[in-house]
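Breakdown of the fold
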Amino acid sequence: MSTSWEFITECLRNELQEYGALLGLFEDQQANLLRRDADAVLALASSLEEQVRRAHAVREHREQAVRLFALSISERADSTLRQLIHHFPAEVHPLIRALMDEINHLIHRVRRGARQNQVLLARTVEAHEEALRMLLPDSFTKTYSPTGAVAHAGAPAWQAAG
């Protein structure tokens, strides 16, 4: 495997592409959550899982390339790309920094999108449970944990409808 700056740059571009695709899926999921399109949200779940795996795989591939490069120039294997950048031609430093910065920015946006979607999903479930409690009040009981937290125990819908 080549460990030249060209190869590492290609790895960074691939990583950028995969994180961009992941961000797009989270944005699609959020749009479907806001439209209350449960089928579309469910359909996106497997696509999201697969995209997370792809993004993780290309990140590992890039990290391996950086490790190999570090070892090839007698640096520590755990050196970061930022620490090694001075070993590349000066004219490619801005490109590599820009790619790393954009990847970090996308990772931040992906994490923020994932948190937002998690909150939306939790609120959707809460609203659904509240609607069921209003429709079938005898099917739900409140219990309290030893710490005082409220838990709602409900009969499964197929039993409550009987």
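Refer to the structure above for everything that follows.
Quick summary incoming for the structure in this document. (Residues numbered from 1 in each chain as written. Predicted model: local features only at pLDDT ≥ 70, side-chain atom pairs only at ≥ 80, totals over all residues. Heavy atoms only, no water.)

**Digging into the overall build of the protein chain**
Along its length, the protein chain carries five helices and two strands. Sequence-ordered secondary structure for the protein chain, helices as α and strands as β, is α-α-α-α-β-β-α. Partitioning the intrachain contacts of the protein chain with sequence separation of at least 6 by distance along the chain shows that 55% fall at a separation of at least 24. (Helix = DSSP H or I, 4+ residues; strand = E, 2+ residues; numbered from the N terminus. Contact = heavy atoms within 4.5 Å.)

**Notes on the packing of helix 1 (residues 5–34) against helix 2 (residues 38–72)**
Following both chains from N to C, one finds helix 1 and helix 2 inclined at 160 degrees, their axes separated by 9 Å at the closest point. Classed by the angle they form, the pair helix 1 and helix 2 counts as roughly antiparallel. Once helix 1 is placed against helix 2, the crossing between them reads as left-handed. (Axes fitted to C-alpha atoms, helices over the stretch in contact; angles between N-to-C directions. Parallel < 35°, antiparallel > 145°, perpendicular 65-115°, else oblique. Left-handed = near helix turned anticlockwise from the far one by under 90°.)

**Things to note about the nonpolar core**
In this structure, I8, L12, Y19, L81, F88 and I96 are the most contacted members of the largest nonpolar core, which totals 27 residues. Mapped by element, the contributors of at least two residues to this core are helix 1, helix 2, helix 3 (81–84) and helix 4 (93–135). The dominant element in this core, judged by the number of residues it contributes, is helix 1, at eight residues. (Core = buried A, V, L, I, M, F, W, Y, C linked by side-chain atoms within 4.5 Å. Buried < 20%, exposed > 50% of the residue type's maximum accessible area, 1.4 Å probe, protein only.)

**Quick notes on the packing of helix 1 against helix 4**
Running from N to C, helix 1 and helix 4 point in directions that differ by 20 degrees, and their axes come no closer than 9 Å. Relative to helix 4, helix 1 is oriented roughly parallel. Where helix 1 crosses over helix 4, the handedness of that crossing is left-handed. Taken together, the residues that form the contact of helix 1 with helix 4 break down as 20 nonpolar, six polar and five charged. (Nonpolar A, V, L, I, M, F, W, Y, C, P; charged D, E, K, R; others polar.)

**Section: the environment of E60**
Within the secondary structure, E60 is located in helix 2. Spatially, the C-alpha atom of E60 lies 9.7 Å from that of C11, the residues being 49 residues apart in sequence.

**Re the pattern of salt bridges**
All told, the structure shown has nine salt bridges when counted by the stated rule. The shortest N-O distance in the salt bridge between R59 and E15 comes to 3.7 Å. Placement of the pair is R59 in helix 2 and E15 in helix 1, with a sequence separation of 44 residues. Overall, R59 belongs to the partly exposed group, its relative accessible area being 27%. (Salt bridge = Lys/Arg side-chain N within 4 Å of Asp/Glu carboxyl O.)

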